[in-house]
Amino acid sequence: MRAIIFLILIAFIFTAPVVLKAQKTTDQVYVDRYGVMRWTKDHSELHGFGVNYTLPFAHEYRMALRSATSPEEAIRQDIYHMARLDLDFYRVHVFDTEISDSLGNLINNEHLRLFDYMINEMERRGMHFIITPIAWWGNGWPENDEKTQGFSAKYGKNACLTNPDAIRAQANYLNQFISHVNRYTGKNYKDDPSVIGFEVCNEPHHNGLSQNVTGFINTMVSAIRNSGCSKPVFYNMSHSVHLADAYLNADIQGGTFQWYPTNLVANHQIDGNFLPNVASYPIPFAGDPKFRKMAKIVYEFDAADAAGNYMYPAMASTFRKTGMQLAAQFAYDAMCWAPWNTNYGTHFMNLAYTPQKAISLKIASAVFHSQALYQEASASLKVSYTDDLALWISNEKFFYSNNTTLAPPEPKELKEIAGWGSSPLVRYTGTGAYFLDKLDEGVWRLEIMPDAFWINDPYSPVSPKIQKAAVIHSRQTMVIDLPDLGSEFKMEPLNQGNTFTSPVSKGKFDAVPGVYILKSGNSNAITPNTKYKNIDISEYIAPATNLDRKVIWNHAPAEASAGKPFVLEFNAVSTSNIEKAEVLITGNRHWKTLTAACEGNGRFRVELPAEFTDQGFLDYRIVIYDEKDTTVFPGPVKGSPFNWENRNSGTWRIGFIPAGSPLMLWNADRDWDYSWKIWDNNVNLVPDGSGTVLKVNFAAFPHQNPLDSTEQSWSFKYYFGDKIKGRMLELLNIKSLALKVTNHLNTKQPVELGLIDKNGSVVTAALTIEPGDTVCRLPIESLTEGSCLILPRPYPDFLPLRIKYSDSPFDRRMVEMLQITLRQGQQNRADLLIEKIWLE
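Residues numbered from 1 in each chain as written. Predicted model: local features only at pLDDT ≥ 70, side-chain atom pairs only at ≥ 80, totals over all residues. Heavy atoms only, no water.

Let us now look at the sheet that holds strand S23 (residues 514-519). The strand order across the open sheet formed by eight strands is S11-S12-S13-S14-S16-S17-S23-S21, and the pairing between neighbours is mixed. The sheet is open, and its two edges are formed by strand S11 (381-384) and strand S21 (490-493), each paired on a single side. With direction set aside, neighbouring strand axes in the sheet form an average angle of 15 degrees. Strands S11, strand S12 (389-393), strand S13 (397-400), strand S14 (416-419) and strand S16 (434-440) of the sheet are contacted by helix H12 (residues 355-370), whose axis makes an angle of about 45 degrees with S12. (Pairing = 2+ DSSP bridges. Helix = DSSP H or I, 4+ residues; strand = E, 2+ residues; numbered from the N terminus. Axes fitted to C-alpha atoms, helices over the stretch in contact; angles between N-to-C directions. Contact = heavy atoms within 4.5 Å.)

So this is what it looks like as structure tokens:
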């Protein structure tokens, strides 16, 4: 009761609209009557694209110290890379628990000093900021929280929203934080022109009465305004959307939103086409007149756990269509500790260690800065799930996140190239990102990052003892075909310590990681101190080689079609030059050693003739010979596989399956943990009578979709593309989709089964499960066009459960996903036990 009375009093005092003071000359931004942020200087629309980054605080700060890199140096390194990715916006939830006491007094400590330092370094690169002063987090994740003296540690998040003493502490803290003078810029945050505005707090998750929530927000806003701040103030609207009126009635100038379209913390890499998950971002109260007058920003987004390179530009385009003016990926990993990816293991972003994803983020920035607000994507953007490619092609810019055969329309007009792999203009044998920037006619700056490799699943459970990624500085070959460079240009090293040179013939040359000037003439106008955009052209930052062993990525499926030629593919990398790779076949009545063909970038392949793939199992090892020694995989085991102590080392196995055999799509005991579910409540794995097979039991209490109260269901989805890739040719001959299931009720229960192809086209069929044990078979031809389940479930949870994504006809030759929905039956419950699903 005391808390409610206090909040009503606060609401009475502060709910009256606060009229912003006359626009200060230090304020660069205002919000117009249509909810659009504009620059004061020329009234043009503001748009910024960037990242969250947490090195001044918490776990990442501790890991920087552990890496023996000074936090200042780590910050400088990462901000340089942000500049190379065209990131001009930064947002963070400040770890208030590390810089405040229980009364909300600001503590001017090392964390706040580093935050000041970071802001100053970002300002030097032209970045702008939305700062969220309150996070309510502890400072441990993924470790245990340390004991801190802040108000968040004393009261906890829930009490901070309602307890009068906690609210007073937060108001005091906000006023002091906003007024804090950055010791490096000499400006306080409320008057710093680079600060666009403030988000009050991070993900509040309100409950209770709408008027009390509005009172809380206005109390916090008043604390900011009482400092003399006239910048726009934002509040989170993507949580507790049932309280939308509370936000819309508050004294704020904008709303903040998040987007994790593939959910979070899968603890492993997830695969599949997730473009349907980002096709739209329908805000439930978008049509409210009050909301239309508010600015809109995305404080956090990421395609968590998804390794593909195509998602960021698609998300950026959807943001712009929805009216978002600022967006910040969560979170950029500090280079000094990125190889272990412990900071937020469900995310992974760093130019050195995730080069393709980083180039995709650069493309997303191009999208965000060129696509008009509330309009469709530019024709310059190309996104392909099947090619794992994001591509930006304009007259002046050419960016690509993977190999591409597409070329810009007018190469003579190009000013920037950024890429990974090869294109019609640049062919490269390395696995790091590179940048080509035109400095003058016939003069280009080339920057090459080290070769990057994922040596473990980067999204697997975190540990400082498990390195997830590594780089190697190696000599690679590049061929450049640019009209103003010609084919016989000069190549000169530029960055400090780089002395490597190479002759150029027909545009082809060798290079090691570093920065080079490429020039076709004798121009002396370019010096190491020359500026290009927001960098010095001689700047270069990259981690040292940190791969200390050979690594194999075996791409072979667990089963393949019997009696057909088969290609076994794998990648291998070593710190020494790989001289030869062999596949030693040890099973299926064949004993033979085959030499693998190298296709560049560490890719190898071996073609097995049909006589090696007769029905049965084939066991094999891969042997890598480099300049130092011989290593056998799986293992790794040092020395020849024929040495007596290595004869019984492990093998890989492929099962060659005869034509006409079922193609198993999903099996409960193996695949449930890797299935994407709405919720796990009342869903259990249970053994069958023999104890050898686990089955999924769906008990009562179905899920209710928050946007559709009529749909009550259990749903899950599963990607099986890798499982059947060795038998794809058999898909043309499949007749039926089959389900083995037990109905525990005495009435029929409705189920919907669906298949999804690589284009996102869906076919479904409804069936009713009779009581008892049964095998249901659906003719493939009976499946009809359906909607795509958006699983994993995105954050925020107001996003739709189903959409129609693709207009392409369903192609059974490209099928790769299964979706299943158990609907509420006659007894208003579901009680099914599902064992397996297959094609036959």
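Once that is clear, we can look at the packing of helix H3 (residues 71-84) against helix H5 (residues 110-124). Running from N to C, H3 and H5 point in directions that differ by 30 degrees, and their axes come no closer than 10 Å. Judged by the angle between their axes, H3 and H5 are roughly parallel. In this structure, H3 crosses over H5, and the sense of that crossing is right-handed. The residues of H5 that touch H3, namely those facing Pro71, Glu72, Ile75, Arg76, Ile79 and Met82, are Arg113, Leu114, Tyr117, Met118, Glu121 and Met122. Taken together, the residues that form the contact of H3 with H5 break down as eight nonpolar, no polar and four charged. (Parallel < 35°, antiparallel > 145°, perpendicular 65-115°, else oblique. Left-handed = near helix turned anticlockwise from the far one by under 90°. Nonpolar A, V, L, I, M, F, W, Y, C, P; charged D, E, K, R; others polar.)

When the charged atoms of two side chains lie near each other, side chains of opposite charge can form a pair. One pass over the full model with this rule turns up 48 salt bridges. For Arg91, the salt bridge goes to Glu199, with nearest N and O atoms at 2.8 Å. Residue Arg91 is located in strand S4 (residues 89-93), and its partner Glu199 is located in strand S6 (residues 195-199); the two are separated by 108 residues in the primary sequence. For the pair formed by Arg91 and Glu199, the shared burial category is buried. A salt bridge links Asp191 to Lys190; the nearest nitrogen and oxygen atoms lie 3.2 Å apart. (Salt bridge = Lys/Arg side-chain N within 4 Å of Asp/Glu carboxyl O. Buried < 20%, exposed > 50% of the residue type's maximum accessible area, 1.4 Å probe, protein only.)

What follows deals with the nonpolar core. For soluble globular proteins, the rule of thumb is that nonpolar side chains tend to be buried together. Core analysis: the largest hydrophobic core is formed by 152 residues, its most contacted members being Tyr53, Tyr90, Phe115, Phe177 and Phe301. Here Phe301 is in contact with Phe49, Trp259, Tyr260, Tyr312, Met315, Phe319, Ala327, Ala328, Gln329, Phe330 and Leu361, once residues within four sequence places are set aside. By size, the runner-up hydrophobic cluster in this structure holds 38 residues, among which are Val696, Tyr718, Ile734 and Leu822. (Core = buried A, V, L, I, M, F, W, Y, C linked by side-chain atoms within 4.5 Å.)

Attention now moves to the environment of Leu732. Note on placement: Leu732 falls in the loop between helix H14 (721-724) and strand S43 (736-743). In this structure Leu732 touches Arg812 and Arg813, once residues within four positions along its chain are discounted.

Assignment of secondary structure puts Gln325 in the loop between helix H11 (311-322) and strand S10 (326-329). Judged by relative accessible area, which is 0%, Gln325 ranks as buried. Beyond its immediate sequence surroundings of up to four residues, Gln325 is in contact with Gly35, Val36, Met37, Glu45, Leu46, His47, Gly48, Ala295, Lys296, Arg320, Phe368 and Leu373.

To continue, consider helix H6 (residues 151-160). Structural remark: α-helix, 3.6 residues per turn; residues separated by three or four positions point the same way. Along H6, the residues classified as buried are Phe151, Ser152, Tyr155 and Cys160. Considered in projection along H6, the buried side chains sweep an arc of 125 degrees and stay on one side of the axis. Buried positions along H6 lie against helix H4 (96-99), helix H7 (164-179) and helix H8 (210-225). (Arc of directions from axis to C-beta.)

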